[in-house]
Amino acid sequence: MQNVVNALMVKIYVLVILCIIFNVTSPAFISHAEQHEIEASSLLNRKAIHFYKVGDYSKALSYAQQALIIVQKKSGRKATIDRIDILNNTALIQEAIGNYKDAELALNKVLDAIEKTFGANSVKAATSLSSLGRIYKFQGRYEEAKINYYKSLDIIANAIGSNSIVSAPTLIRLGSLYIDLGNYDEAEQLLVKGLNIYIKYYGESHILVADIFGNIGFLYEKQKKYNLSEDYYLRAYKIKKDTLPEDHPSFVESLNNIASIKRLQGNYRKSIELNKRAISILKSNFGDNHPDIATCLNDIALVYIDEKRYDDAISYLSESLVVIETSYGVNHPYVANVLTNLAKTYFQLTKYEESKKLYKRALEICKKSYGRDHKETKYIYQKLDELQIYIDKR
């Protein structure tokens with residue numbers, strides 16, 4: 001009997017030593033309190049993701065921060081991986097809120113942890129570099145974004161090949177960056193390459209393919225090739241129609257895109273109809289205060305501006321502003337966008353002082369979010385200068 005006990009003790013000691021050597025925390029050696037903390041952080045992280053998806057970013061951020069506090073107390077590989085996951089989610093939420101500096105800080109922590117755990121030339125590091133590039137792009141730091149994107153693609157090419165599915169999201173992001181820079185030929189090449197990779201792996205009817213059709217449609221919209229743009233937007237919509245329930249939130253982007261083209265083509269009634277359908281889908285899924293509702297309201301207002309129905313435009317823009325401030329807070333870049341549209345509308349009504357106040361508020365938001373040299377900030381400076389000329393003539 002004693003020999004059996006001794007043998008069992010040896011096995012236990014060996015198991016403990018192996019756990020220490022390989023940094024493995026077996027459930028058998030986790031205390032009830034530690035296990036409870038692990039489960040709590042996982043639950044908080046899942047709640048953060050849920051509220052992020054429904055557009056309640058304040059709650060999402062709160063849960064993510066609580067999860068991070070718990071996991072930061074832990075050590076070992078598993079804790080590091082959990083921390084990376086939570087920090088990535090935190091960055092997504094901060095990005096949605098418009099806190100790009102905080103998102104950048106979280107993603108730099110992710111990159112540092114990944115490089116130490118998996119290596120600087122790992123595919124995970126490449127993915128992290130691409131995510132950072134996305135944040136740089138939002139801040140108008142285009143050269144830094146390009147450097148990250150190309151470095152990400154190089155790492156992926158060396159690790160698993162340039163036509164890997166992992167490279168596709170970065171190709172799409174780089175293509176979108178070139179759209180912003182007005183380099184449409186390069187943008188098209190990158191978007192088409194990303195599209196072909198997705199089709200190869202998933203087929204032509206996958207929802208991710210629909211998303212890229214939307215990106216290509218936007219590229220042609222920027223080039224004022226409206227018929228071609230509409231064709232790609234409709235192709236994206238058809239994939240969603242064939243694969244998703246009719247009130248699925250993914251329809252909203254396609255409806256917005258088609259509505260934009262209809263407005264640019266002068267089909268104002270259809271544009272408003274599509275935006276109102278998008279609002280109905282959003283309200284049925286998320287309630288009355290989802291930030292995408294604000295986008296739809298803003299787009300309807302643009303139709304009324306085109307029709308010179310300025311009072312109606314102000315009504316919709318004001319409603320959009322309430323929704324977007326409720327969702328994002330008062331200093332989000334999207335708030336600046338609505339304020340700019342309001343300022344333009346008051347200018348058309350020759351209410352120059354009201355227009356100036358709105359432009360100034362938008363300017364402060366843009367300077368904080370993007371910096372003084374971003375194209376959006378420069379645009380508002382230009383509009384204020386033009387507005388001052390009219391004020392001085394009075």
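Before any of the text, the structure's been laid out above.
What you are looking at is a predicted structure, and each value in this text was computed from that prediction instead of being measured.

## Here's the deal with helix H15 (residues 310-328)
Moving on, step 1. Under the 1.5 Å per step criterion, the end-to-end length of H15 is 26 Å for 19 residues, consistent within 8% with the ideal 27 Å.
Moving on, step 2. Taken residue by residue, H15 has Tyr 310, Ala 313, Ile 314, Tyr 316, Leu 317, Ser 320, Leu 321, Val 323, Ile 324, Ser 327 and Tyr 328 as its buried positions.
Moving on, step 3. Where H15 terminates, the next one or two residues include Gly 329, which has phi positive at roughly 95°.

## Notes on empty space enclosed by the protein
Moving on, step 1. For the coordinates displayed, the defined rule picks out one cavity of 30 Å³ or more.
Moving on, step 2. Here the largest cavity is characterised by a volume of approximately 30 Å³.
Moving on, step 3. If you trace the largest cavity, you find it lined by Ala 210, Asp 211, Gly 214, Ala 236, Lys 240, Glu 253, Ser 254 and Asn 257.
Moving on, step 4. For the lining of the largest cavity, the secondary-structure elements that each account for two or more residues are helix H10 (207-222), helix H11 (226-243) and helix H12 (251-264).
Moving on, step 5. When the residues that make up the lining of the largest cavity are grouped by side-chain class, the tally is two nonpolar, three polar and three charged.

## As for the packing of aromatic side chains
Moving on, step 1. Within this structure, the stated rule accounts for 14 aromatic pairs.
Moving on, step 2. Aromatic pair Tyr 57 and Tyr 328: ring centres 5.5 Å apart, planes at 5°, arrangement stacked. Of this pair, Tyr 57 sits in helix H3 (residues 57-71) while Tyr 328 sits in helix H15, placing them 271 residues apart in sequence. This pair shows no difference in class: Tyr 57 is buried, exactly as Tyr 328 is.
Moving on, step 3. Taken together, the ring pairs in this structure connect Tyr 52, Tyr 57, Tyr 328 and Tyr 334 into an aromatic cluster.
Moving on, step 4. Note that Arg 235 overlies the ring of Tyr 232, its terminal NZ or CZ placed 4.9 Å from the centroid.

What counts, and where the lines are drawn
Residues numbered from 1 in each chain as written. Predicted model: local features only at pLDDT ≥ 70, side-chain atom pairs only at ≥ 80, totals over all residues. Heavy atoms only, no water. Helix = DSSP H or I, 4+ residues; strand = E, 2+ residues; numbered from the N terminus. Expected span 1.5 Å × (residues − 1). Buried < 20%, exposed > 50% of the residue type's maximum accessible area, 1.4 Å probe, protein only. 1 Å grid on protein atoms, 1.4 Å probe; cavity = no way out; pocket = protein on both sides within 12 Å on 5 of 7 lines; lining within 4 Å. Points joined across faces, edges and corners; volume = space filled by probe spheres on them. Nonpolar A, V, L, I, M, F, W, Y, C, P; charged D, E, K, R; others polar. Phe/Tyr/Trp six-rings, centres within 6.5 Å; stacked < 30°, edge-to-face > 60°. Lys NZ or Arg CZ within 6 Å of the ring centre and 35° of its normal.

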